[in-house]
Amino acid sequence: MADPAPPRRPTGRDVARLAGVSQATVSLVFSGSEAGHRVSGATRERVREAARTLGYRPQAAGRQLRLGRSGMVMLAVPNLLGPFFGRVHSGVHAEAGRRGLAVVVSSGWDSATLADAAVAGRFDGLLICSPDDSQLGDLPAATPAVLLDADPARNPGRPTVELDVAGGMGDAVRHLAALGHRRIGHLRATLSAHTFRIRQAGFEAAAAGLDVVEVGVRLNEGVPAAREAARSLLARPDRPTAVVCDDDVVASGLYQAAADLGLRIPADVSVVGIDNIPVAGLLAPPLTTVDLPGEELGRTGVTALAALLAGEPAVPVPPLPTRLVLRASTRPAD
C-alpha cells in the first residue's frame, strides 16, 4: 500500500480566498516593502489572521533576496545566562517566527561589535536589550534598531520599549511598608544600565520616610557576589526586617546568606525580588517578586522592528505594566 501523500502546503491563493481579498492583495501584505501600505490596516490584519489560521508561510527566502535582506535579526543581551533574558528571547523568537524572521542572539557585546554587525549587512535589524551607557555610541544612526528596557531620553529617534520598572519597585516597597516594616534593606545593583537607575529611583521614591540600609551588588559576578553582599547586610546589629533585591538572582543569594547566618525567611527577614524568573517559585519559601513581562517586551520589540523594516514611522509604546506576585517570602513585621 502506497504511503499517503503529504498534506498540501497552503498557498497565497488559499489565504486570499479565506480573507476575501485578491491574491495580489496577499502578495502586497507579505511583500515587506512600501507597497504594502496600499492596503488598509484592517485588511492587512485580516490577511495575516487568515495566514495564521491556515499555517501559511510566505516564501521568505525569495522575498528577502528581492529586497536585499538576510531575513535575520540580532537580539543583543548583556548575559546569555541571565534568566530574564531567556524570557525576552522567548517572546522575540515567537514573534519573529510569525513574521518569517530568524533570530541570532549575541552576548558580551560592545558598541564596536554592534556597529560591525550593523554595517556588515548580516542582519536586517537589531534588538538591543538592557544596554549600559557605553554600548551604543558607535551605532550608525541609519541602522534599524529597537531598544528594549532602555532610556529613550539617551537614544532620541530610536524606538524604545520600556518596562514600568519604577512602578514595580514602588509596589514592592509599599507592600513591605503596608506589612509594618520600617527598616528596609536594599541589595542594589552597581551596573550603569538604565534599568537599574530606574529601580534605584523607584526605591528611593517609595522608601521616603523609612529607615533604609543599602548595599551594592556586582551583578555580573552572579550568586556568590550577591551572597557576600547579603551577608554584610544581614549580619549588621541593626539588621533590616525586610529586604528588596534588584533581581531574583540577588534574592537567591540572600536566601543562601540567611541560611549561613541561621536566619529564617520570612520569620526573621522578609524578602522581595524583581523579574519573576522560574527560580522565584522554586525557592523555599517561594519568593514574592515583581513580574517583568519579558516575553511581551520581546514580542513588542519585534513588532516595532518589523514596522521600521517596512518603512513605517515609529509609534511610541507606553511602558509595559509590571505586577507584584505575592508568595510566602514576606510577612507582617513583629
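Per chain, the residues get numbers from 1 upward, laid out in the order the sequence is written. Local features in this predicted model are restricted to residues of pLDDT 70 or higher, and side-chain atom pairs are both shown and tallied only at a pLDDT of 80 or more, whereas totals for entire chains, interfaces and linings draw on every residue. Water and hydrogen atoms play no part in the side-chain values, which are based on all heavy atoms of the structure.

**Thoughts on the pattern of salt bridges**
Put simply, a salt bridge is a Lys or Arg side-chain nitrogen that is within 4 Å of an Asp or Glu carboxyl oxygen. Tallying each qualifying case throughout the model produces 20 salt bridges. Note that aspartate 291 and arginine 87 form a salt bridge whose closest N and O atoms lie 3.1 Å from each other. You can see aspartate 291 sitting in strand S10 (residues 288–291) and its partner arginine 87 sitting in helix H5 (residues 83–98), a full 204 residues away along the chain. Three labels apply to residues, based on accessible area from a 1.4 Å probe with only protein chains included: buried if under 20% of the type maximum, exposed if over 50%, partly exposed otherwise in between. Given the relative accessible area of 8%, aspartate 291 is considered buried. One salt bridge connects arginine 154 with aspartate 151, and the closest N-O pair in it is separated by 3.6 Å. Looking at aspartate 151, the relative accessible area reads 15%, which means it is buried. Taken together, the shared-partner salt bridges connect Arg87, Asp291, Glu295 and Arg323 into one network. Numbered from the N terminus, helices here are DSSP runs of H or I no shorter than four residues, and strands are runs of E no shorter than two.

**Things to note about the sheet that holds strand S5 (residues 160–161)**
Strands were regarded as paired on the criterion that DSSP finds at least two bridges between them. The strand order S2-S1-S3-S4-S5 describes an open sheet built from 5 strands, whose pairing is parallel. If you trace the sheet from one side to the other, it starts and ends with strand S2 (102–107) and S5, each paired once. Here 2 bridges tie strand S4 (residues 145–148) to S5, and the two strands are oriented parallel to one another. Within the sheet, the bridge partner assigned to leucine 147 lies in S5 and is threonine 160. The strands that H5 touches are strand S1 (72–77), S2, strand S3 (125–129) and S4; relative to S2, the one it contacts most, it runs at about 160°. The contact criterion used throughout is that any non-hydrogen atoms of two residues lie within 4.5 Å. Between the N-to-C directions of two axes lies an angle of 0 to 180 degrees, each axis being a line fitted to C-alpha atoms and, for a helix, fitted only over the stretch in contact.

**Section: the layout of surface pockets**
Residues are called lining when one of their atoms sits within 4 Å of a cavity or pocket point, these points coming from a 1 Å grid over the protein atoms alone, where a cavity is a set in which a 1.4 Å probe fits but cannot get out and a pocket is an open set with protein on both sides within 12 Å along at least five of seven lines. Grid points are joined across faces, edges and corners, and a volume is the space filled by probe spheres set on the points. The space that makes up the second largest pocket amounts to roughly 570 Å³. What lines the second largest pocket is a set of 26 residues, among which Asn79, Phe85, Leu191, Leu219 and Asn220 lie closest to the centre. Where the lining of the second largest pocket is concerned, the elements lending two or more residues are H5 and helix H8 (194–206). Note that Gly is not counted as nonpolar here; it falls among the polar residues with everything else outside the nonpolar set of Ala, Val, Leu, Ile, Met, Phe, Trp, Tyr, Cys and Pro and the charged set of Asp, Glu, Lys and Arg. Taken together, the residues of the lining of the second largest pocket break down into 12 nonpolar, 9 polar and 5 charged.

**Some details on unusual backbone geometry**
The peptide bond linking isoleucine 265 to proline 266 adopts the cis configuration, its omega dihedral lying at 5°. Within the fold, proline 266 resides in the loop between helix H10 (248–260) and strand S9 (270–275). The backbone phi angle of serine 130 is positive, close to 50°, even though this residue is not glycine. Within the secondary structure, serine 130 is located in the loop between S3 and S4. For serine 130, a relative accessible area of 8% translates into the label buried. One non-glycine residue with positive phi stands out, namely aspartate 275, at about 130°. Of note, aspartate 275 is situated in strand S9. Judged by its relative accessible area of 7%, aspartate 275 falls in the buried class.

**A word on the environment of valine 39**
Here valine 39 lies in the loop between helix H2 (23–29) and helix H3 (41–54). Overall, the relative accessible area of 7% leaves valine 39 in the buried class.

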